[in-house]
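Residue-level structure breakdown
Here's the letter readout for the chains.
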Amino acid sequence: MHCQYILQLSLLTLLSLPGTLAQTWSVWYRDRDRTTVICASKGSSVVLDCTYSHPAAQIVRRKIWFTPRGNTKLDGSQQGDGVYNTSGVIMPRYSGRTEFYDQDNNCTLKLNNVTEDDRGRFFFRFEANGPGQLHQGFTGSWGVDLTISVLSLKLNENGPVKERDHVTLACTSTCNPPQMEFLWFKDGRPLPGVSSVHGGQYPLGPLSPNDTGSYSCGLGQGTSTPILLDVRYAPRDVSVKVSPSPEVVKGSRLTLTCSNNANPAAETYTWFQRSGPLLSLRLGTGKEHTFNEIDSDDSGLYFCMAQNALGSQNSTEQEVKVRESAHLIVVLAALGALFLVTAVIVVLYIYIKRRKWNTAEQKLPTKPVPQKATLSRPEDIYENMRQSAKPITDPDDMNYAELNISPAPSPRRQLNNKAEDDDAHVYSQLQTH
């Protein structure tokens, strides 16, 4: 019994040697004397090299790639869960992901889009039989050990990264050494002008705000977990926005807003009004400055200062113009027009009155009459007529008297002047008779 066991073991050893007893049962992987190790990046494709042989009288009925169940066996009897099977069931997660090179004695398998779940050992097994014989199976002993590269990206700076700093991105892989070159990405896109960088390090600097983003490294089709590069900088592009408009009506509400670009965001906002070429009046603090009822004195130039832990910057100056309301302007214009019309009417009235006065004065006598007797009242005239009782027949005996009538001092005495003129006319007629 013991001798029979030794004979079977010796025969199996001979059959397992390459070139010994042609067409023996055998499976060879890339490394024949040890387990073949392949390190692949996630998402890439791997090729599991394999050849096999069998006695010429045997006909291969089934070819299987599988992952083992239980402990690994080296006697060719290992079986497990199907990865590829020419006539059998496979695990669902491998469906559509394998390519089998079934040509001559080639048993190579290509596994696409590998994942971390694919990590483990793979074996090839074939089953055959001769005429009138039962199926026999044989599994290659060492197998292929697949490890999935885990990429890790780190930044060589521990503290906050500021503008104009220099940093280095370092990418490492669990595959040692990596089989492919590292790729570098920013926000999921390849870095401009860079296809690959050897050594797993990528320098950046001097940094600017545009370098802020999500960085990752890749190996094959796999990529690392992204890290955020956050470049910090002092406020910039500070400006003043005016709502509703830089030109407003007196009494309106006006709001000034200070806008800027900063990382971290500005913590303090200070408002100023320009009061001279080199002088400014501090108004207050806050992102907004509001005039609830703006006045004409508020017209002028305004600017703000934004500040964070890294510095500060002033905005450009914004001019604010305050104008009177349209209603008030209309009222003032109406009052001005009314005053102008009134003034014109008064001037015309004075002008017309003066012309009338001048005309009335021009109609009065200009040469004085020698005064012998002055009769200025109607009573005097009639008294004179009463005393002249003697009729006058001879013209030589007639006495003449001069009538002196003073001109009217103003148009208001025109009626009196007319009466006096009538009296004088009567008196002259009486003297004539």
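All of the points below concern the structure found in this document. (Residues numbered from 1 in each chain as written. Predicted model: local features only at pLDDT ≥ 70, side-chain atom pairs only at ≥ 80, totals over all residues. Heavy atoms only, no water.)

**Considerations on the state of the cysteines**
Counting across every chain of the model gives 3 disulfides. The residue that forms a disulfide with C171 is C217, at a sulfur-sulfur distance of 1.8 Å. Handedness here is read from the sign of the S-S torsion; for C171 and C217, about 60 degrees, the answer is right-handed. You can see C171 sitting in strand 14 (residues 167-173) and its partner C217 sitting in strand 18 (residues 213-219), a full 46 residues away along the chain. Since its relative accessible area comes to 4%, C171 is described here as buried. What makes C217 buried here is its relative accessible area of 0%. Each sulfur of the disulfide joining C258 and C304 lies 2.1 Å from the other. Residues C258 and C304 share a disulfide whose torsion about the S-S bond is about 75 degrees; that sign makes it right-handed. Of the two residues, C258 sits in strand 23 (residues 254-263) while C304 sits in strand 27 (residues 300-308), which places them 46 residues apart along the sequence. The exposure classification of C258 matches that of C304, with both residues buried. (Disulfide = S-S within 2.5 Å. Helix = DSSP H or I, 4+ residues; strand = E, 2+ residues; numbered from the N terminus. Buried < 20%, exposed > 50% of the residue type's maximum accessible area, 1.4 Å probe, protein only.)

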